[in-house]
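Listed below, chain by chain, are the residues.
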Amino acid sequence: MKKIIFSFILLFTFSLQVEAQQVRPSQKASVSQFVANTEININYSRPVARGRTLFGEEGIIKYDKTWMPGANEASYIEIDTPILVNGEELDAGKYSIWTVPNDGQWEIIFSTEWDAWHSRYPGEDKDVLRVQATTKEGDHMEVMAFYFPVVSANTTILNLHWGNTIVQLSLELIE
């Protein structure tokens, strides 16, 4: 009986250690929003600021360099009907999201290679859309987040928010 109990304790302890080793610091997340009958899904991992300077020459994310907003696997958006992103058409599908941050103005890139690693930009030949987005300052967001602060009958705003930086995209149904 003692051997069985000891074996159980060892197995339980080993299981906890394996589980603890598999937990990533940047946890997976997703957010979904319907706009009329169009479903918008975003899947990503959430990096943590941890007191670091996030953007700019002194930051961990340099200006004028391609960056995938998130960690681990590439963040991606999936839409089931075509939409307008900041006035530009994006066909229904699944796309990884990349950015080129700058002070006050970011370029947002949608790539057909959605199943990618976060540190390997697939290249311009995989891009389907590039749009410009203006940033604004907001309250500190310790863990990066995508969210929809405004939703109406045929439009929504998608925010990318990390640290004090908020990047807004206008998403609109094509009628």
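Structure's up top.
Structure report, in brief. These numbers come from a predicted model, not from an experiment. (Residues numbered from 1 in each chain as written. Predicted model: local features only at pLDDT ≥ 70, side-chain atom pairs only at ≥ 80, totals over all residues. Heavy atoms only, no water.)

This structure, assessed with the given rule, holds 2 cavities of 30 Å³ or more. Of the pockets and cavities examined, the largest cavity occupies roughly 60 Å³. Along the walls of the largest cavity sit Pro69, Ile97, Thr99, Ile108, Phe146, Leu158, Asn159, Leu160, Val167 and Leu169, which together make up its complete lining. Looking at which element gives the most residues to the lining of the largest cavity, the answer is strand β9 (residues 155-173), with 5 residues. For the lining of the largest cavity, the residue count by class is 8 nonpolar, 2 polar and no charged. Within this model, the second largest cavity holds a volume of roughly 40 Å³. What lines the second largest cavity is Ile77, Val85, Ile97, Phe110, Phe146, Leu158, Leu169 and Leu171. Considering each element in turn, the lining of the second largest cavity owes the most residues, 3 residues, to β9. Of the residues assigned to the lining of the second largest cavity, the class counts are 8 nonpolar, no polar and no charged. (1 Å grid on protein atoms, 1.4 Å probe; cavity = no way out; pocket = protein on both sides within 12 Å on 5 of 7 lines; lining within 4 Å. Points joined across faces, edges and corners; volume = space filled by probe spheres on them. Helix = DSSP H or I, 4+ residues; strand = E, 2+ residues; numbered from the N terminus. Nonpolar A, V, L, I, M, F, W, Y, C, P; charged D, E, K, R; others polar.)

Taken as a whole and assessed by the stated rule, the structure comprises 8 aromatic pairs. Ring geometry for tryptophan 67 and tryptophan 106: centres 6.1 Å apart, planes at 85°, overall edge-to-face. Here tryptophan 106 lies in strand β7 (residues 105-111) and tryptophan 67 lies in the loop between β2 (38-46) and β3 (76-79), a separation of 39 residues in the sequence. A single burial state applies to tryptophan 67 and to tryptophan 106, both of which are buried. Joined through ring pairs, the aromatic side chains of Phe55, Trp67, Trp106 and Trp162 make up one cluster. (Phe/Tyr/Trp six-rings, centres within 6.5 Å; stacked < 30°, edge-to-face > 60°. Buried < 20%, exposed > 50% of the residue type's maximum accessible area, 1.4 Å probe, protein only.)

Right, let's talk about the nonpolar core for a bit. With 34 residues, the main nonpolar core has Ile42, Val85, Ile108, Phe110, Phe146 and Leu169 as its most contacted residues. Secondary structure elements with two or more residues in this core: β1 (27-35), β2, β3, β4 (83-85), β6 (93-100), β7, β8 (127-151) and β9. Discounting residues that sit within four places of it in the chain, isoleucine 108 has contacts with Ile97, Trp98, Thr99, Leu129, Arg130, Val131, Ala133, Val167 and Leu169. Listed in part, the 6 residues of the second largest apolar core include Met68, Trp98, Val100 and Ala116. (Core = buried A, V, L, I, M, F, W, Y, C linked by side-chain atoms within 4.5 Å. Contact = heavy atoms within 4.5 Å.)

Notably, alanine 36 is not glycine yet its phi reads approximately 55°, a positive angle. Structurally, alanine 36 can be placed in the loop between β1 and β2. Within the chain, arginine 50 stands out as a residue other than glycine whose phi angle is a positive 50°. Considering the arrangement of structural elements, one finds arginine 50 in the loop between β2 and β3.

Here 9 strands make up an open sheet; going across it, the order is β1-β2-β3-β6-β7-β8-β9-β4-β5 and the pairing antiparallel. Two strands bound the open sheet, and with one partner strand each, they are β1 and β5 (88-90). This sheet shows a mean twist of 35° between the axes of neighbouring strands, independent of strand direction. By the bridge criterion, 9 bridges tie β8 to β9 in an arrangement that is antiparallel. If you follow glutamate 137 over to β9, its bridge partner there is threonine 165. (Pairing = 2+ DSSP bridges. Axes fitted to C-alpha atoms, helices over the stretch in contact; angles between N-to-C directions.)

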